[in-house]
Amino acid sequence: MQIAIVGAGIAGLTAARQLQSQGHHVTIYEKSSGVSGRMSTRQTEVGGFDHGAQYFTAISDRFKKEIGDWRKVGWVVPWESRLVTLEYGASSPAGRSGKRYVPVPGMSSLGKQLAHGLDIRTEQQIIALEPFENQWLLSVKSDMVPIAVSAGPFDAIILAIPPEQATPLLQGHAAFSKQIGNVHLEPCWTLMLAFQTPLNLPYDGAWVAHSRLGWIARDTSKPDHRAGERWVCHATQAWSVEHLEDDPERVKEKLSKAFHEATGSPIQPIHAVAHRWRFAQASTPLPDVYLWDAKKRIGVCGDWFSVGLEGAGRVENAFLSALELAKVI
Ligand SMILES: Cc1cc2nc3c(=O)[nH]c(=O)nc-3n(C[C@H](O)[C@H](O)[C@H](O)COP(=O)(O)OP(=O)(O)OC[C@H]3O[C@@H](n4cnc5c(N)ncnc54)[C@H](O)[C@@H]3O)c2cc1C
């Protein structure tokens with residue numbers, strides 16, 4: 001079959017590899033200039049920041065096996081980090097067990113490895129799906145062409161994108177729209193900080209209590225990251241929702257203040273940038289593995305499906321959801 005996949009995050013890439021290995025002809029459309037989606041590394045003049053997903057864990061045997069394979073080829077390594085809880089400046093052991101893994105040399109490198117050998121059209125946003133006889137046409141928008149163009153026909157389509165981005169493409173599919181309608185990804189404001197000198201804090205990552213920040217991590221404590229003192233800080237979900245439309249400069253000031261309060265460090269950064277993830281992680285997932293309409297041959301997958309696990313919004317959910325959808329196709 002000729003199959004189109006919308007989205008080149010871990011879900012889209014996983015589905016594409018599985019389908020291609022079964023002999024299908026797969027084309028991925030990605031609106032950004034690179035692959036990996038929310039597993040991203042922001043490159044700056046002071047070094048890279050893993051400013052989306054921080055690390056990943058594995059609950060299921062299937063994902064543990066996949067991580068084992070990625071480790072064998074050197075794409076992923078364990079992050080042996082000192083993790084604590086910070087409460088009013090005092091740190092205590094986090095008490096959250098389990099192995100944490102990171103791609104090397106940065107979060108986005110896993111997607112780049114998975115993308116090898118796949119047909120990926122970057123900077124091409126899908127803005128509509130049109131049924132065409134018993135197949136599908138895609139309406140593609142790209143900065144290089146002033147008008148949307150048609151791609152296809154395809155025998156099947158997979159949407160491997162957040163629910164808010166899938167909904168406009170599913171207007172002709174009432175059943176899916178209804179199911180997806182109640183799922184939302186919450187936003188997350190992220191602050192990236194770089195310092196000239198080490199802060200010498202006795203931890204690599206911390207869950208922060210009673211703060212605008214929920215999580216801070218010394219990005220440069222991750223294996224194979226370039227030297228330096230770079231920190232990634234995620235605001236809490238509640239603060240991010242409340243300040244969603246704030247000016248990034250104002251957000252930067254507020255979150256920088258929270259960082260200094262939480263860590264007790266007075267050292268000023270040489271680089272500070274705020275980034276808004278409008279769709280970061282699902283708080284209430286869809287209690288399913290994927291959606292698939294065998295008659296119309298259209299499917300939806302991603303990290304916002306619970307895939308039989310507790311919670312969602314993780315790399316593992318995205319991987320399992322996509323793999324199972326590809327298998328059923
Ligand atoms: C701040 C933050 C922190 C996180 N922390 C963790 C963590 O510590 N551990 C963990 O396991 N997970 C974490 N996550 C979640 C993790 O990043 C996601 O679960 C995972 O990356 C989702 O992959 P995906 O392929 O489902 O979606 P995405 O990565 O969102 O991929 C979707 C892709 O589709 C593209 N796209 C969207 N619409 C279109 C369109 N119309 N046309 C073409 N392309 C389109 C997007 O550009 C994107 O590249 C975090 C996420 C964020 C944002």
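Residues numbered from 1 in each chain as written. Predicted model: local features only at pLDDT ≥ 70, side-chain atom pairs only at ≥ 80, totals over all residues.

**Quick word on the overall build of the protein**
For step 1, the next point in the chain: When helices and strands are counted, the protein shows eight helices and 20 strands.
For step 2, the next point in the chain: For the protein, the C-alpha atoms occupy an extent of roughly 65 × 45 × 35 Å along the three principal directions.
For step 3, the next point in the chain: Buried positions account for 44% of the 329 residues belonging to the protein.
For step 4, the next point in the chain: Intrachain contacts of the protein at a sequence separation of at least 6 include 64% that bridge at least 24 residues. (Helix = DSSP H or I, 4+ residues; strand = E, 2+ residues; numbered from the N terminus. Buried ≥ 20, exposed ≤ 12 C-beta atoms within 10 Å, placed from the backbone. Contact = placed C-beta atoms within 7 Å.)

**Regarding the sheet that holds strand S12 (residues 145–154)**
For step 1, the next point in the chain: Pairing is antiparallel across the open sheet formed by three strands, whose spatial order is S10-S11-S12. Every interior strand has two partners, whereas the edge strands, strand S10 (125–132) and S12, have only one. The mean angle between the axes of side-by-side strands here comes to 25°, regardless of whether they run parallel or antiparallel.
For step 2, the next point in the chain: Bridging between S10 and strand S11 (residues 135–142) involves seven bridges; their strand directions are antiparallel. Its bridge partner being in S11, Leu129 is matched across the sheet by Leu138. (Pairing = 2+ DSSP bridges. Axes fitted to C-alpha atoms, helices over the stretch in contact; angles between N-to-C directions.)

**Here's the deal with the site of the ligand**
For step 1, the next point in the chain: Neighbouring the ligand are 37 residues, the closest being Gly7, Gly9, Ala11, Gly37 and Asp303.
For step 2, the next point in the chain: Only helix H1 (10–21), S10, strand S14 (185–195), strand S18 (271–282) and helix H8 (315–328) provide two or more residues apiece to the shell around the ligand.
For step 3, the next point in the chain: Of the residues assigned to the shell around the ligand, the class counts are 18 nonpolar, 14 polar and five charged.
For step 4, the next point in the chain: Residue contributions to the shell around the ligand reach at least three from each of two domains, namely domain 1 (1–35 + 115–183 + 284–329) and domain 2 (42–106 + 185–283). (Near = placed C-beta within 6 Å. Nonpolar A, V, L, I, M, F, W, Y, C, P; charged D, E, K, R; others polar. Domains from an automatic or database assignment.)

**Brief notes about the environment of Glu186**
For step 1, the next point in the chain: Secondary-structure assignment places Glu186 in strand S14.
For step 2, the next point in the chain: For Glu186, a count of 19 C-beta atoms within 10 Å corresponds to the partly exposed category.

**Brief notes about the sheet that holds strand S13 (residues 156–159)**
Strand pairing in a sheet takes place through backbone hydrogen bonds and is either antiparallel or parallel in direction.
For step 1, the next point in the chain: Reading across from one edge, S9-S2-S1-S13-S20-S19 is the order of the six strands in this open sheet, with mixed pairing throughout. Each edge of the sheet is formed by a strand with only one pairing partner; in this case those strands are strand S9 (119–121) and strand S19 (291–293). Averaged over all pairs of adjacent strands, the angle between strand axes in this sheet comes to 15°, irrespective of strand direction.
For step 2, the next point in the chain: Pairing analysis gives three bridges linking S13 to strand S20 (residues 298–300), with the strands arranged parallel. For Ile157, the partnering residue across the bridge sits in S20 and is Ile298.
For step 3, the next point in the chain: In the packing of H1 onto the sheet, contacts are made with strand S1 (2–6), strand S2 (25–29) and S13, and the angle to S2 comes to roughly 165°.

**Details of the domain arrangement of the protein**
For step 1, the next point in the chain: Under the domain assignment used here, the protein contains domain 1 (1–35 + 115–183 + 284–329) and domain 2 (42–106 + 185–283).
For step 2, the next point in the chain: If you look at the interface, domain 1 gives 16 residues, while domain 2 gives 14 residues.
For step 3, the next point in the chain: Taken together, the elements giving at least two residues each to the side of domain 1 that touches domain 2 come down to helix H4 (163–166) and H8.
For step 4, the next point in the chain: The element best represented in the side of domain 1 that touches domain 2 is H8, accounting for four residues.
For step 5, the next point in the chain: The residue inventory of the side of domain 1 that touches domain 2, partitioned by class, reads ten nonpolar, two polar and four charged.

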